[in-house]
Amino acid sequence: MSAKMLSFVSVPQAQPPKRQAAERRADFNEIYEDFAREQAATQASRCSQCGVPFCSVHCPLGNNIPDWLMLTAEGRLEEAYAVSQATNTFPEICGRICPQDRLCEGNCVIEKGFESVTIGAVERYITDTAFENGWVQPAMPVEELDSSVGIIGAGPAGLAAAERLRAAGHRVHVYDRHDRVGGLLIYGIPGFKLEKDIVARRQALLEEQGVLFHLKQGIGSGKGEITLDELRHRHDAVLIATGVYKAREIGGPGSGLGGIVAALDYLTASNRRSLGDVVPEGELDAKDRDVVVIGGGDTAMDCVRTAIRQGARSVKCLYRRDRANMPGSVREVKNAEEEGVEFVWLAAPEGFLGDETVTGVRAQRMRLGLPDASGRQSIEPEPDGLFTIKADLVIKALGFDPEPLPEMWKADDLKVSRWGTVQVERTTFETSIPGVFAAGDIVRGASLVVWAIRDGRDAAAQIDRTIRERALSSSCVAAE
């Protein structure tokens, strides 16, 4: 083991420098600055190089974290990047938006008094340094195969699959209904967490690799759309990687009032403004408004922090459980509080006030009860716990469900679960339609970007195997 490691006993944990809240409220730039080379090496040296690395075990991609931490501590950054990218298609993205406090860093074996290694910040530093030095190169195929794959969706699962399939030698065509590559990486995640040139930089690498993108291309039977059957005839295999975009609705009196909007609609409008698109003024802007965001996940944190930057008069986050039971990143909650967001814990919406547009949220104070079957504490209403919060913009951040693909695509033979997710054979990722595969949130349900990358890579391996086996079988038949 390197003599540089195990320094957690003498070196305290440190995050990269973070811009002051007053400064970062004024723009959508990333809030964390980069580590200096010495800082990254010092923080990486805190790794204990344990025999069973729980950081890797709890990483969906199985990243070889202790290895690239040791290489960083020794100043061998090009080798550190090679190890990092071997398991992760987009380490520069995961280093920025993964909830490390729930995954790798949250499972670091260093005792809590010493605090975990800052894995995400080091990962980001390694990859940004690799880009700066020209070490990041497209994964060019060794051989060109006489086969092609069509991928529906240019989000993280589709892009991860595209990179792997193109590297294997297949021609890869990615179809997406939006006008930019990236899916939620572009339209769902604000720039203060992921600046958009980071995604564009990766897109350029994929195009250099030979991946072809067909943007503003819908799938279905409408005007200008391509049917699923047509894609099946164009390509040797098709991968569905659409993600889940349908907002979960909220009931109660007044839920149909104006000024109550879905989180993704709100975030998309904000991101489009940041990208320079012309977005009509109206209810999707929080400027000078009293904003209430309902939900407790990372999307809710994106919404409250966006509203602050748009100049909202007040921003409150309404969540039915307490801080300890909140599903969102602890780090994001802290950042939001620093920027001026008020959290209203143990409160659930009962209805909405107003005539045509919302003027307030009627809420019920809650209390935690005994754990349910999942181990999570149940909630129950407090007696006489009704209260009202002033609001003229309410953002629903309650999660996402799949769109009804069989109905949208006129593909009745595409089987889905009772939740609407596409059913696949777990080991092959193949759907009920031969030659059509699926991966990412459209199979798993709304989840993390890192899981989408893992699913996209795994699906690509199975598609490659299926195409090669089919070609081998055909050649054997022809020889007979």
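Structural data are supplied above this passage.
The shown structure was predicted, so the numbers you read here are calculated from the model rather than taken from an experiment.

Pairing in this open sheet of five strands is parallel, and the strands run S6-S13-S7-S8-S9 from one edge to the other. The open sheet has two free edges, formed respectively by strand S6 (260-262) and strand S9 (342-344), since each of these has just one partner strand. With direction set aside, neighbouring strand axes in the sheet form an average angle of 25 degrees. Relative to S9, strand S8 (residues 314-318) runs parallel, the two being bridged by three bridges. The residue bridging Leu318 from the neighbouring strand is Val344, located in S9. Across the sheet, helix H13 (residues 298-309) is in contact with strand S7 (290-294), S8, S9 and strand S13 (393-396); its angle to S8 comes to roughly 170 degrees.

There is a patch of nonpolar side chains on the surface, built from Val52, Phe54, Val57 and Val109 and spanning about 340 Å² of accessible area. With respect to the secondary-structure elements, Val57 resides in helix H3 (residues 54-57).

Attention shifts here to the nonpolar core. A general trend in soluble globular proteins is that nonpolar side chains are found buried together. Among the nonpolar cores identified, the biggest contains 40 residues, and Ile151, Val174, Leu194, Leu239 and Ile463 are the most heavily contacted of them. Those elements that place two or more of their residues in this core are helix H6 (91-97), strand S1 (148-152), helix H8 (156-167), strand S2 (171-175), helix H9 (184-187), helix H10 (196-209), strand S4 (237-240) and helix H17 (449-479). Those residues in contact with Ile463 that sit more than four places away from it in its chain are Val149, Leu165, Ala237, Leu239 and Phe437. Membership of the second largest hydrophobic core comes to 28 residues, among which are Met5, Ala44, Cys108 and Phe131.

Glancing now at the layout of surface pockets. Of the pockets and cavities examined, the second largest pocket occupies roughly 360 Å³. Every residue lining the second largest pocket is counted, 15 residues in all, and those nearest its centre are Gln13, Gln15, Asp101, Val330 and Arg331. When grouped by side-chain class, the residues that make up the lining of the second largest pocket number three nonpolar, five polar and seven charged.

Between helix H12 (residues 263-274) and H13, whose axes approach to 10 Å, the crossing angle comes to 45 degrees. By the criterion of interaxial angle, the relationship of H12 to H13 is oblique. Viewed along their axes, H12 and H13 form a crossing whose handedness is left-handed. Touching Ala263, Tyr266, Leu267 and Ser270 of H12 are Thr299, Asp302, Cys303, Thr306 and Ala307, all from H13. Its residues placed into classes, the contact of H12 with H13 shows five nonpolar, three polar and one charged.

Attention shifts here to the packing of helix H4 (residues 65-73) against helix H7 (residues 119-132). Between H4 and H7, the shortest axis-to-axis distance is 11 Å and the interhelical angle comes to 65 degrees. The chirality of how H4 crosses H7 is left-handed. Mapping the contact onto sequence places Ile65, Trp68, Leu69 and Thr72 in H4 and Ile119, Val122, Glu123 and Ile126 in H7. Residue composition of the contact of H4 with H7, grouped by class: six nonpolar, one polar and one charged.

Enumeration according to the criterion identifies three aromatic pairs in this entry. Between Phe8 and Phe114, the ring centres sit 5.6 Å apart and the planes meet at 80 degrees, which makes this aromatic pair edge-to-face. Residue Phe8 is found in the segment before helix H1 (21-24), and its partner Phe114 is found in the loop between H6 and H7; the two are separated by 106 residues along the sequence. Where Phe343 meets Trp345, the ring centres are 5.0 Å apart and the plane angle is 10 degrees; that geometry is what we call stacked. The ring of Tyr245 has Arg177 lying over it, and the distance from NZ or CZ to the ring centre is 5.1 Å.

Moving on: the environment of Gln85. Mapped onto the elements of the fold, Gln85 is located in helix H5 (residues 77-87). Taking relative accessible area as the criterion, Gln85 reaches 34% and is therefore assigned partly exposed. A C-alpha to C-alpha distance of 8.7 Å links Gln85 and Asn63, two positions 22 residues apart in sequence.

Take the side chain of Glu30 next. Along the chain, Glu30 turns up in the loop between H1 and helix H2 (37-44). Non-local contacts of Glu30, meaning those with residues more than four positions away in its chain, are made with Arg19, Arg96, Arg124, Gly191, Phe192, Lys193, Leu194, Glu195 and Ile198.

What counts and how
- Residues numbered from 1 in each chain as written.
- Predicted model: local features only at pLDDT ≥ 70, side-chain atom pairs only at ≥ 80, totals over all residues.
- Heavy atoms only, no water.
- Pairing = 2+ DSSP bridges.
- Helix = DSSP H or I, 4+ residues; strand = E, 2+ residues; numbered from the N terminus.
- Axes fitted to C-alpha atoms, helices over the stretch in contact; angles between N-to-C directions.
- Contact = heavy atoms within 4.5 Å.
- Patch = residues over 30% accessible without salt bridge, like charges linked within 9 Å, V, L, I, M, F, W, Y side chains within 5 Å.
- Areas by Shrake-Rupley, 256 points an atom, 1.4 Å probe, with all protein chains shown as cover.
- Salt bridge = Lys/Arg side-chain N within 4 Å of Asp/Glu carboxyl O.
- Core = buried A, V, L, I, M, F, W, Y, C linked by side-chain atoms within 4.5 Å.
- Buried < 20%, exposed > 50% of the residue type's maximum accessible area, 1.4 Å probe, protein only.
- 1 Å grid on protein atoms, 1.4 Å probe; cavity = no way out; pocket = protein on both sides within 12 Å on 5 of 7 lines; lining within 4 Å.
- Points joined across faces, edges and corners; volume = space filled by probe spheres on them.
- Nonpolar A, V, L, I, M, F, W, Y, C, P; charged D, E, K, R; others polar.
- Parallel < 35°, antiparallel > 145°, perpendicular 65-115°, else oblique.
- Left-handed = near helix turned anticlockwise from the far one by under 90°.
- Phe/Tyr/Trp six-rings, centres within 6.5 Å; stacked < 30°, edge-to-face > 60°.
- Lys NZ or Arg CZ within 6 Å of the ring centre and 35° of its normal.

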